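Residues per chain, in single letters:
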Amino acid sequence: MTKLWAGRTEAETAKLADDFNSSIAFDSRMAKQDITGSMAHAAMLGAKGIISEAEAAALIDGLQGILDDLSAGALSIDPQAEDIHMFVEAVLTERLGDVGKKLHTARSRNDQVALDFRMYLRGEIDGITALTKTLAAVLCDKAEEYKAAIMPGYTHLQRAQPITFGHQLMAYAMMLLRDLSRLGDCRRRLNLSPIGCCALAGTTYDTDREMEAAALGFDGICLNSIDGVSDRDFAAELCAALSIEMMHLSRLSEELILWSSWEFQFIELPDAYTTGSSIMPQKKNPDMAELVRGKTGRVYGDLMGILTVLKGLPLAYNKDMQEDKEGVFDACDTARMCLEVMAGMLPGMKARTDRMLRAASEGFINATDLADYLVMKGLPFRSAYKISGALVKQCIREGKTLETLSLEEYKQASALIEEDVYTHIDLSTCVNKRVSAGGTSVQSVEKQIAAVRAALEATP
Ligand code: ARG
């Protein structure tokens, strides 16, 4: 096939070189963005008199035809093409003749690819934002369902203080709110149009970049043409935001795996989202959560990939930059799938609230509350802490819990302790006394749920 860029060289490129050079296998994803971008470009060329209005109309019509044929399956992408930009232009010229050759006036593939990539990723951000909102809403619903379910809260994976399952779930909803904000930031910085930067230095034609930017839904234009064609910060930034979001999903996955283990039995994951073992009949494996945890690694890899491609690249465009896409596409695909699976799985998750409560009752999780009780009776916290610690020690020695110590035994430790100690160390008292903002009480968790729901409502 003769290259659209043939002219400077005499000999044909080697087949091996063509194959190595080609990006059509992955950049054909951006076909729609490439065509819409070209339509806006043609319209601008016509409006500015760089080509005639009739030529602009013919180009737009031809491009629309290609878009329609591609979506109807009447036109298929030629895997031999060098890239999506060359493919669309070649089909257009084949269909329209000479006028097709006018489309590439006052632009270059360098600004064209930057434009397509930004538009494509903008759509990805919007899709991932919507999925993140769905998952956050699912977490709020689950938290509502289990806002009074007492479980042990952990530090160092040791039982620490009683919390509610709803409170723990809302911690993840908060993470997703930050993810949404990061995605929003990334979208804002991404949403400037590079088209019109041309190869790197701008153009001698009297173009209107603002017009193209506005037609394509951008908030403005890249102000330096060299930067406009070289900048891939938006891709790295998106991978960074997705890496952090995946890290959150991975931490949640880890807990789901742990909680659904026979040792914990805090939750049961829905059958539709678990698998069995080919050899061990008793097993119900949390594969989905494990895969989300595992796939987090590949998104981190995608981030490292794009950063490494960009590191050390001189300005402006270099062919290395063709390597910017696959990893970023993979990061988006992976994040999307993981969010969908999580949002599909969590509504069917059932908490074994009896098991949670029992675990919370076994680990002297109310020792802090016993200390606080003594503080209330007038002891300084450090002294109260010592007495509570000694009582825990005594319980462990004698196989008791704080709830089962007699008042006499309590009195031996401190004369300040009275009958009301039992209500103070009761787990539901412990939870519901924690009314401090952001705390674990039902009332506080309800506030958190309302705040997240309102924030989701306000996120476009
Ligand atoms: N396929 C190329 C890429 O993805 C398009 C830009 C080509 N530009 C060039 N000057 N060869 O980067």
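Residue positions are given per chain, counting from 1 as you read along its sequence in written order. Totals for whole chains, interfaces and linings use every residue, but because this is a predicted model, local features are given only for residues with pLDDT of at least 70 and side-chain atom pairs only at 80 or more, for both listing and counting. Only hydrogens and water are removed before side-chain values are computed, so all heavy atoms of the structure are retained for them.

1. Structural notes on the pattern of salt bridges
- Salt bridges are identified by distance alone: a Lys or Arg side-chain nitrogen within 4 Å of an Asp or Glu carboxyl oxygen. What the rule picks out here adds up to 33 salt bridges.
- Between Asp206 and Lys48 there is a salt bridge whose closest N-O contact spans 3.5 Å. Of this pair, Asp206 sits in the loop between β3 (192-193) and α8 (209-215) while Lys48 sits in the loop between α3 (31-47) and α4 (53-72), placing them 158 residues apart in sequence.
- Burial status follows relative accessibility: with a 1.4 Å probe on protein chains alone, a residue under 20% of its type maximum counts as buried, one over 50% as exposed, and anything between as partly exposed. In this structure Lys48 comes out as partly exposed when scored by relative accessible area, which is 32%. Helix and strand definitions here come from DSSP, where helices need a minimum of 4 consecutive H or I residues and strands a minimum of 2 consecutive E residues; each element is numbered from the N-terminal end.

2. Considerations on the site of the ligand
- Residues are classed as near a molecule or strand on a simple rule: at least one heavy atom within 4 Å of it. In the vicinity of the ligand, the contacting residues are Ser23, Asp27, Asp83, His85, Arg109, Asn110, Val113, Tyr317, Gln322 and Lys325.
- In the environment of the ligand, a nitrogen atom lies 2.8 Å from a nitrogen or oxygen atom belonging to the side chain of Gln322.
- Areas reported here follow the Shrake-Rupley algorithm with a probe of radius 1.4 Å; residue values treat only the protein chains shown as occluding. Protein contact buries 87% of the 340 Å² of open area that the ligand shows by itself.
- If one sorts the elements of the shell around the ligand by residue count, helix α6 (residues 109-145) sits on top with three residues.
- Residues are grouped as follows: Ala, Val, Leu, Ile, Met, Phe, Trp, Tyr, Cys and Pro are nonpolar; Asp, Glu, Lys and Arg are charged; every other residue, Gly included, is polar. Per-class residue counts for the shell around the ligand are two nonpolar, four polar and four charged. Polar contact criterion, stated in full: a pair of N or O atoms within 3.5 Å, where within protein one must be able to donate a hydrogen and the other to accept it, and residues adjacent in sequence count only if both atoms are side-chain atoms.

3. Re the pairing of strand β1 (residues 150-155)
- Note on pairing: two strands pair once DSSP finds at least 2 bridges between them. Bridging between β1 and strand β2 (residues 158-164) involves six bridges; their strand directions are antiparallel. When the sheet's bridge partners are listed, Tyr154 is paired in β2 with Arg159.
- Hairpin connection of β1 to β2: two residues between the antiparallel strands, including His156 at a positive phi of 55°.

4. Some details on a nonpolar patch on the surface
- Like-charged residues are merged into a patch within 9 Å and nonpolar side chains (Val, Leu, Ile, Met, Phe, Trp, Tyr) within 5 Å, provided each residue has over 30% relative accessible area and no salt bridge. On the surface, Leu200, Ile226 and Leu315 cluster together into a nonpolar patch covering about 270 Å² of accessible area.
- On the secondary structure map, Leu315 appears in the loop between α11 (287-310) and α12 (325-345).
- Classification of Leu315 as exposed rests on a relative accessible area of 67%.

5. Things to note about the nonpolar core
- Ranked by size, the top nonpolar core spans 70 residues in total, and within it Leu121, Phe165, Leu242, Leu256 and Ile267 carry the most contacts.
- For this core, the secondary structure elements donating two or more residues are α6, α7 (165-190), α10 (233-259), α11, α12, α13 (353-362) and α19 (442-458).
- In what follows, residue pairs with any heavy atoms lying within 4.5 Å of each other are defined as contacts. Setting aside chain neighbours within four positions, we find Phe165 in contact with Tyr146, Ala149, Met151, Trp259, Ile267, Met349, Ala351 and Met356.
- Counting 24 residues, the second-largest nonpolar core is a separate cluster that includes Ile35, Ala42, Leu70 and Leu75. Working definition of a nonpolar core: buried Ala, Val, Leu, Ile, Met, Phe, Trp, Tyr and Cys residues. They are joined through side-chain atoms within 4.5 Å.

6. A short note on the packing of α6 against α10
- Under this scheme, a helix contributes an axis fitted over its contacting stretch, all axes are lines through C-alpha atoms, and angles between N-to-C directions fall in the 0 to 180 degree range. One can describe the packing of α6 onto α10 by two numbers: an axis separation of 11 Å at closest approach and a directional angle of 20°. Comparing their axes, α10 and α6 come out roughly parallel. The handedness of the crossing between α6 and α10 comes out as left-handed. The residues of α10 that touch α6, namely those facing Ala114, Phe117, Arg118, Leu121, Ile125, Ile128, Thr132 and Leu135, are Phe234, Ala235, Leu238, Leu242, Glu245 and Leu249.
- Within the contact of α6 with α10, the residues separate by chemical class into eleven nonpolar, one polar and two charged. The labels follow the angle: roughly parallel below 35 degrees, roughly antiparallel above 145, roughly perpendicular from 65 to 115, and oblique for the rest. Note: crossing handedness is left-handed where the near helix turns anticlockwise from the far helix by less than a right angle, and right-handed where it turns clockwise.

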